[in-house]
Amino acid sequence: MPLNKLVLSEERQVRPQGSTPKLSIAELAASIKDSGVLQNLIVVKGARGMYEVCAGGRRLEALAALAQADDIPENYPVPVLIVPADKALIASLAENVFHIPMHPADEYVAFAKLIDAGKSVEDVAAAFGVTPLVVKRRMKLAAVSPRLMAQFREGQIGLDCLMVLASCDDHARQEQVWTGMPTWNRRPDYLRQLLTQGEIESDTDPVARYVTLKAYEKAGGELRRDLFSDDDKKAYLLDAALLDSLATDKLRKKARQVAAEGWKWVDVRARYVFEEFVKFGELRKTRRTPDDEEAGAMAGLRSQLDTLQARMDALQEHEGDDENDDREFLKLEAEAEVLEAQLKTLQDALCVWPPELMAQAGCVVFVGSRGTAEVKYGLVRPDDRSGMADAARQASEAEGAGESVVSMPSGKTRPVHSEKLTRRLTAHRVAAVQAELTARPDVALAALTAQLAQLIFRDDARGYQRPETVFAITAADSQSDLQAAAEDMQGSAGWARVQAERTSWAARLPQEMDQVFPWLLTQEQATVIQLLTFTVAVTVTGIYGTEPERQRTDALAAALGLDMNKWWAATSASYFSHVSKARILDVVTEAVDVNAASPWPR
């Protein structure tokens, strides 16, 4: 039938119109343009000499796209099968239901066969309406180990993992890595990590970025590209020795510039490995006295910064929400940043390497983490330690510079006692302390209270450091949990009482954490007990998300004779606006009486 005599049937087509992805239509159109319509459309006679397509809507849409692009004429002959109208819907359903799609593995192999038969990648791509990259990827997938491809057909390997395996051409390597992976961790990222061990990523490795992929390829470096990577410029470099050699060659120019500064030696490395230099000493810069010009320049910058800061402080103190003030503040802030940068540059220029000590130290030129040439200055070789010590001593006598400008690694000393003996001796000491403590309740009380106080107040604004705990007991302040559970906690009478107590103790306790225990030993027992009581109180917990039959604080509340009327009141904000009217009536009735609840609307 001529194409212009065919229309899509709205009643007898089982596939809804528009349900087909547009990309598949473009690919189908490319195939029809190359090979024609390979499967007839199923049609029924329509009105006015037209034929309605009840099976083959995608082919009809692809043909229409080709005609619109003038790739085929409007009367292009289309093979059709005419069926009676009462069989049209059954025919449309049968064509779709009994159609078995090709397994992706068969598709990959078929693409590879086309290339083997002499077709170019571009020709195959054009015939199927895909890009050449898609064709190359399918060929790569077809080249995966036959054993792994069989597992892919059986559903034991996912497509995401198959693509990672295809990035490696070595079948033995593919199989080794896949079979060696634990079944619970067969993830594409972990698989890629195993397959690329020993390889260098061109876009993430600093040395590779410094050398550049172009220079590496020009030098004949072997590499592997991953066709399945979204970044077509990414490659895996396989010759680490060549890459390092290219990097050191490129670094030599920088090394010559550094050597001209007067250092005893300059070493060039592709990468700086800290462990290789742990036995080296290190020279530090000294600060020279600024000359009159430098001192004047810095004084001027500080004066300008003070003026800007005063103006910014005045704007911050100004009440109101003036956009002009905000713009002015940002402008002043930007000016201050420029001045601070200039001041820092002048201050940095005053920090110099002592010339008389540079002759005993050296530098390492290497590629830094940002992929640029960097220098580690002032390293002192173990063989030069005595010479550096003499030079530092002479500088100290001549100019008053101390040996503190040089730091040397401390030599390792053999411990007097072995680890096993140390553990044994300290265990006996702990047992002795425990025995003595059983007879001293006053010390036990003070020590326990000190540890709890250190744990509770370690996050205080005074900056306590983490304590070295003596007892195998820990505690956690529950105040942050209370705030998180109740946004109105700040207005609680109980909260206010606890925070007032906290402030009082924070002012009384020593500033240094290790002084809390000695301080408590000098206090009256009543003071110790009061602090212990506070630290225990703030650790009480018992917040629930669902209403429990009983609460863990019930026994404690009963012992304290807790009366919540003293600490909390039901208001609209605290309770009534969060519950139903029926619940409000029940609460008022229980708390007061039925008469009190009667004015509430039901």
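Scroll up for the structure.
Residues numbered from 1 in each chain as written. Predicted model: local features only at pLDDT ≥ 70, side-chain atom pairs only at ≥ 80, totals over all residues. Heavy atoms only, no water.

Enquirer: What should I look at first to understand the overall build of the protein chain in this one?
Expert: Within the protein chain, the secondary structure is distributed over 26 helices and 14 strands. Put simply, the protein chain has 602 residues, and 31% of those count as buried. A sequence separation of at least 24 residues applies to 65% of the contacts in the protein chain between residues at least 6 apart. With the model as given, the accessible surface of the protein chain reaches about 38400 Å², and the carbon-plus-sulfur share is 53%. (Helix = DSSP H or I, 4+ residues; strand = E, 2+ residues; numbered from the N terminus. Buried < 20%, exposed > 50% of the residue type's maximum accessible area, 1.4 Å probe, protein only. Contact = heavy atoms within 4.5 Å. Areas by Shrake-Rupley, 256 points an atom, 1.4 Å probe, with all protein chains shown as cover.)

Enquirer: Would you mind showing me how to read the nonpolar core here?
Expert: One recurring pattern in soluble globular proteins is that nonpolar side chains are buried together. The biggest cluster of nonpolar side chains holds 32 residues, and the ones touching the most others in it are L237, L243, A247, W263, L283, L357 and V406. Counting only elements with at least two residues in this core, the list comes to α11 (206-211), α12 (213-218), β7 (235-237), α13 (240-259), α16 (355-358), β12 (362-367), β13 (373-380) and α17 (385-399). For W263, the contacting residues outside a window of four places in its chain are V258, L283, W353, M358, A361, G362, C363, Y377 and G378. Core analysis: the next-biggest nonpolar cluster, separate from the first, contains 21 residues, A166, W178, L195 and F228 among them. (Core = buried A, V, L, I, M, F, W, Y, C linked by side-chain atoms within 4.5 Å.)

Enquirer: Honestly, the environment of Q451 in this entry has me stumped. Any pointers?
Expert: With respect to the helices, strands and loops of the structure, Q451 is situated in helix α19 (residues 441-457). For the pair Q451 and V516, spaced 65 residues apart in sequence, the C-alpha to C-alpha distance is 8.5 Å.

Enquirer: Which parts of the structure should I look at to understand the pattern of salt bridges?
Expert: Opposite charge on two side chains permits pairing when their charged atoms draw close. A full pass over the atoms with the stated rule returns 20 salt bridges. For K33, the salt bridge identified is with D71, shortest N-O distance 3.7 Å. Residue K33 is found in helix α1 (residues 22-35), and its partner D71 is found in the loop between α2 (57-68) and β4 (80-82); the two are separated by 38 residues along the sequence. Two residues, D189 and R187, come together in a salt bridge whose shortest N-O distance is 2.6 Å. (Salt bridge = Lys/Arg side-chain N within 4 Å of Asp/Glu carboxyl O.)

Enquirer: How should I be thinking about the packing of α19 against helix α23 (residues 525-537) in this particular structure?
Expert: Two measures define how a pair of helices packs: the angle their axes make with one another and the distance between the axes. Where α19 contacts α23, the axes come no closer than 9 Å and their chain directions differ by 40°. Of the possible angle classes, the one that applies to α19 and α23 is oblique. Remark: the crossing between α19 and α23 carries left-handed chirality. Residues L445, A446, T449, L452, A453, I456 and F457 of α19 pack against Q525, V528, I529, L531, L532, F534, T535 and V536 of α23. Here the contact of α19 with α23 is composed, by residue class, of 12 nonpolar, three polar and no charged. (Axes fitted to C-alpha atoms, helices over the stretch in contact; angles between N-to-C directions. Parallel < 35°, antiparallel > 145°, perpendicular 65-115°, else oblique. Left-handed = near helix turned anticlockwise from the far one by under 90°. Nonpolar A, V, L, I, M, F, W, Y, C, P; charged D, E, K, R; others polar.)

Enquirer: In this structure, what is going on with the sheet that holds strand β2 (residues 41-45)? I would like to understand it.
Expert: Sheets are built from strands paired through backbone hydrogen bonds, the pairs being either parallel or antiparallel. Pairing within the open sheet is mixed, and its four strands lie in the order β1-β3-β2-β4. Both outer strands of the open sheet, β1 (6-8) and β4, are each paired with one neighbouring strand and no more. Each neighbouring strand pair of the sheet contributes to a mean axis angle of 45°, computed without reference to strand direction. By the bridge criterion, three bridges tie β1 to strand β3 (residues 51-55) in an arrangement that is parallel. (Pairing = 2+ DSSP bridges.)

Enquirer: Looking at this structure, how should I read helix α21 (residues 493-508)?
Expert: One full turn of an α-helix is made of 3.6 residues, so residues set three or four places apart face in the same direction. Under the 1.5 Å per step criterion, the end-to-end length of α21 is 23 Å for 16 residues, consistent within 8% with the ideal 22 Å. Along α21, the positions that sit buried rather than exposed are W495, R502, W505 and A506. Around the axis of α21, the buried residues are gathered within 100° of arc, so they sit on the same side. More than 90 degrees from the buried face of α21, the exposed residues found are R497, T503 and A507. On the buried face of α21, the contacting elements are α19, α20 (479-485), α22 (516-521) and α23. Measuring from the side-chain oxygen of the N-cap residue of α21 to the backbone nitrogen of G494 gives 3.2 Å; that N-cap residue is S492. (Expected span 1.5 Å × (residues − 1). Arc of directions from axis to C-beta. Polar contact = N/O pair within 3.5 Å; in protein donor to acceptor, adjacent residues only side chain to side chain.)

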